[in-house]
Amino acid sequence: MCGIVGIVGRKNCIKEIISGLYALEYRGYDSSGLALIKNNKFEFSKNIGKISNLEKGVKKNKLSGNIVIAHTRWATHGRPSINNSHPFIKQNCALVHNGIIENYEDLIKYHSINKKNLKSDTDSEVIAEIYNKLLNHFNNPIEAIKSLNKKILGSFSFAFLVLGTKSIYVSRRGSPLVLGLGDDFNSVSSDALGLPDNTKEIIYLEENDIAQINESTISVFDHNSKSIKRERHKFIPKKGFKIKGNYKHFMEKEIFHQPISIEDTILNFADKKRKTVYLPKTNIKFNDFSNIILIACGTAYHSCMVAKYWLEAMTNLNVSIDIASEYRYRKSKISKRSLGVVVSQSGETMDTLKCLKKFKQKKIPTISIVNVLNSSISRLSDFILPTLAGPEIGVASTKAFTSQLSVLALFVLNIQQENGAINKLYFNSIFKIHDSINKILKKNDDYKKIAQTLADTKSIFYIGRGVMYPIALEGALKLKEITYKHCEGYAAGELKHGPLALIEKNIPVIVLAPSDENFLKLLSNIQEVKARGGRIIMITDKDGAKKAKKFCDHIIIIPKTNFFTSPIIYSLPIQLIAYYLAIFIGTDVDQPRNLAKSVTVE
Ligand code: AGP
């Protein structure tokens, strides 16, 4: 989603600004722009499409400056266009904004804004108009921001340039901002990845903070414009995250990184020799709870679905799961003996963050399973279980998903351990995931061949039972996201309750079929599909292949798994199929249309 970068330095910083925008590209965007102050006047450039378009415009117009704000926009109000892209420049200020201003129409009326002054369809431009008026009134940029923030309903992170000053003014509510301190510059970004590589320290702004960034100083204020101190952290640049290496796409790199990312995550929490799980120390005692509520969005929600199967089978806890955008508004009862768990790669997903706040209001202990440490979700939760997947750039989540599953698996084993009875078979099997995944990746040609057979089909189905049901949903989500093909995931037993009507000659149905206790039932389901002309593509192990061969049009054999490891291992085939199909179709794999990596709007 939208991204902000700003730098105030001694030297021209256009190069660093553009590089910051490129670093935020992975979040998804449809246009970009920058503005700077030169000789007490604004200069700016905006463009739609890729950042390279903006870069060309900046070069063509020979823009250079040392007080610059920039933005990548992911359209919410108004289509992608130059007029709708940021920065918005008014008489005395320029603004870039992330988030959504819910009451912008009321603000237009209340502040008698002449609609002729609004050149865009955005909520953000209204803020630029009002801030400009407030600057005239207060003649003090910080007081003007304080007054502005009081008027706003919704979420925002703002970065303003103000004529007559040599500063960037920022503030945030519900949308992250991080400040970067360097030797001869200071900076701001919506994501630490957007800060210059030579940043020394960073400050995470808190809710309602306001800050003034100068070349050599940074001052932070609370919502009442009272000066406050915020902790400084050492900045560790994420070297290598911007490089694809020998891979064509970040998604490919991330799929092939999984033997390492899964192992890193597992070894961080488990000692193979001692047969012990070591979660970071916490005063949370799992025996104190009767319920666990797991909340997330999209792919992260699918990891919660898998966890529900594991927790129900392996612990005595009641488990409820929900999609964050629904759970937020549900009037569900939350008992005092509940533990709230949120799962998020980015740690910034707005709906998930709001559910975490709901848990906090109900005063139940909270755990977040996050990939981006120091994200809003990780900072708000009582306890963090990090997924050690490393930065995930591709919009379609791959390695973060399998790391979430790995952490959740260890979380379940940890509960068993506390109760005195860890499942040894499952514990030992998690250390074999690495080898199984390597075997699958070595045979990636199998998935290319299957993907080729899917290129001309209008619809594709994924089916599975038990722990394979969430993976079927994930397979369908992955395929939709990056190939734009219609694809549905179903619990195999559910086909006859409706979706079977869609099966006709040659419609591909991909069956996720480890040879487990559900296998025979699954065989009956595929015969229902076969009888209606569907084309069966089965992913199974050797035993499954023997039994199912005669019913299948294509079979891919992968290593044997169990109830605990199969969701992680079967994730690889579904990712490879989606990836290779997208390659055949020629879509933008890393930045699929209409989607954003970090969904910071509601
Ligand atoms: C996955 O491929 C998606 N891009 C999306 O569903 C994602 O998982 C979802 O938006 C949640 O994001 P989060 O993990 O960063 O909270």
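Scroll up for the structure.
Bear in mind that the values here come from a model prediction, so they are computed numbers and not experimental data.

(A) Representation of unusual backbone geometry. Residue Pro-87 is bonded to the preceding His-86 through a cis peptide linkage, with omega at 0°. Checked against the element boundaries, Pro-87 lands in the loop between strand 4 (67-73) and strand 5 (88-89). Residues other than glycine seldom take positive phi values, yet Asn-40 does so here, at roughly 55°. With respect to the helices and strands, Asn-40 occurs in the loop between strand 2 (31-38) and strand 3 (41-48). For Asn-40, a relative accessible area of 44% corresponds to the partly exposed category. In the Ramachandran plot, Tyr-484 falls in the positive-phi region, its phi being about 60° despite a non-glycine side chain. Counting through the fold element by element, Tyr-484 comes out in the loop between helix 16 (468-483) and strand 24 (486-491). Looking at Tyr-484, the relative accessible area reads 28%, which means it is partly exposed.

(B) Spatial organisation of the environment of Phe-235. Of note, Phe-235 is situated in the loop between strand 15 (233-234) and helix 6 (250-256). Judged by relative accessible area, which is 8%, Phe-235 ranks as buried. Separated by 283 residues in sequence, Phe-235 and Asn-518 have C-alpha atoms that sit 49 Å apart. Apart from residues lying up to four places away in sequence, Phe-235 is in contact with Ala-192, Leu-195, Pro-196, Asp-197, Thr-199, Lys-200, Glu-201 and Ile-202.

(C) Local environment of the site of the ligand. Taken together, 15 residues lie around the ligand, and Ser-344, Gln-345, Ser-346, Thr-349 and Glu-481 are the ones closest in. Here a nitrogen atom of the ligand and a backbone polar atom of Val-395 are 2.9 Å apart. Coverage of the ligand by the protein amounts to 91% of the 410 Å² it exposes when considered alone. Residue assignment for the shell around the ligand shows that the elements contributing at least two residues are helix 8 (298-314) and helix 16. Residue classes in the shell around the ligand are distributed as six nonpolar, seven polar and two charged.

(D) Here's a closer look at helix 14 (residues 433-442). Listed as buried for helix 14 are Ile-433, Ser-436, Ile-437, Ile-440 and Leu-441. Taken down its axis, helix 14 places every buried residue within 135° of arc, on the same side. Turned more than 90 degrees away from the buried face of helix 14 sit Lys-439 and Lys-442, all of them exposed. Residues of helix 14 that are buried make contact with helix 6, helix 7 (258-269), helix 13 (424-429), helix 15 (444-454), helix 19 (566-569) and helix 20 (571-585).

(E) Looking closely at the packing of aromatic side chains. If you walk through the whole model with that rule in mind, you get 11 aromatic pairs. Measuring from centroid to centroid gives 5.8 Å for Tyr-327 and Phe-359, while their planes differ by 50°, and the two rings are tilted. With Tyr-327 in helix 9 (residues 324-327) and Phe-359 in helix 10 (residues 350-361), this pair connects stretches of sequence that are 32 residues apart. Residue class for Tyr-327 comes out buried when judged on its relative accessible area of 4%. Between Tyr-426 and Phe-563, the aromatic rings sit 6.1 Å apart at their centres with planes inclined by 45°, giving tilted as the arrangement. Separated by 137 residues along the polypeptide, Tyr-426 in helix 13 and Phe-563 in the loop between strand 27 (554-557) and helix 19 bring together distant segments of the chain. No difference in accessibility class separates Tyr-426 from Phe-563, as the two residues are buried. Aromatic ring contacts, followed pair by pair, group Tyr-131, Phe-156, Phe-158 and Phe-160 into a single cluster.

Criteria and thresholds
- Per chain, the residues get numbers from 1 upward, laid out in the order the sequence is written.
- Selection of residues for local features in this predicted model requires a pLDDT of at least 70, selection of side-chain atom pairs for listing and counting requires 80 or more, and totals for whole chains, interfaces and linings are taken over all residues.
- Water and hydrogen atoms play no part in the side-chain values, which are based on all heavy atoms of the structure.
- To qualify as a helix, a DSSP run of H or I must reach at least 4 residues; to qualify as a strand, a run of E must reach at least 2; elements of each kind are numbered from the N terminus.
- The classification of residues rests on relative accessible area computed with a 1.4 Å probe and restricted to protein chains. Under 20% of the type maximum is buried, over 50% is exposed, and intermediate values are partly exposed.
- The contact criterion used is simple: two residues touch if any of their non-hydrogen atoms lie within 4.5 Å.
- We call a residue near a molecule or strand when any one of its heavy atoms sits within 4 Å of it.
- Within 3.5 Å is the distance limit for a polar contact, defined as a pair of N or O atoms, with the added protein rule that one can donate a hydrogen and the other accept it, and that residues adjacent in sequence qualify only through two side-chain atoms.
- To measure how exposed things are, a 1.4 Å probe is used in the Shrake-Rupley method; for residues, cover is taken only from the protein chains shown.
- Each residue is assigned to one of three groups, with Ala, Val, Leu, Ile, Met, Phe, Trp, Tyr, Cys and Pro labelled nonpolar, Asp, Glu, Lys and Arg labelled charged, and all others, Gly among them, labelled polar.
- To obtain the arc, one takes the directions from the helix axis to the C-beta atoms.
- We call Phe, Tyr and Trp rings a pair once their centres come within 6.5 Å, taking the six-membered ring for Trp, and we label the pair stacked below 30 degrees between planes, edge-to-face above 60, and tilted otherwise.

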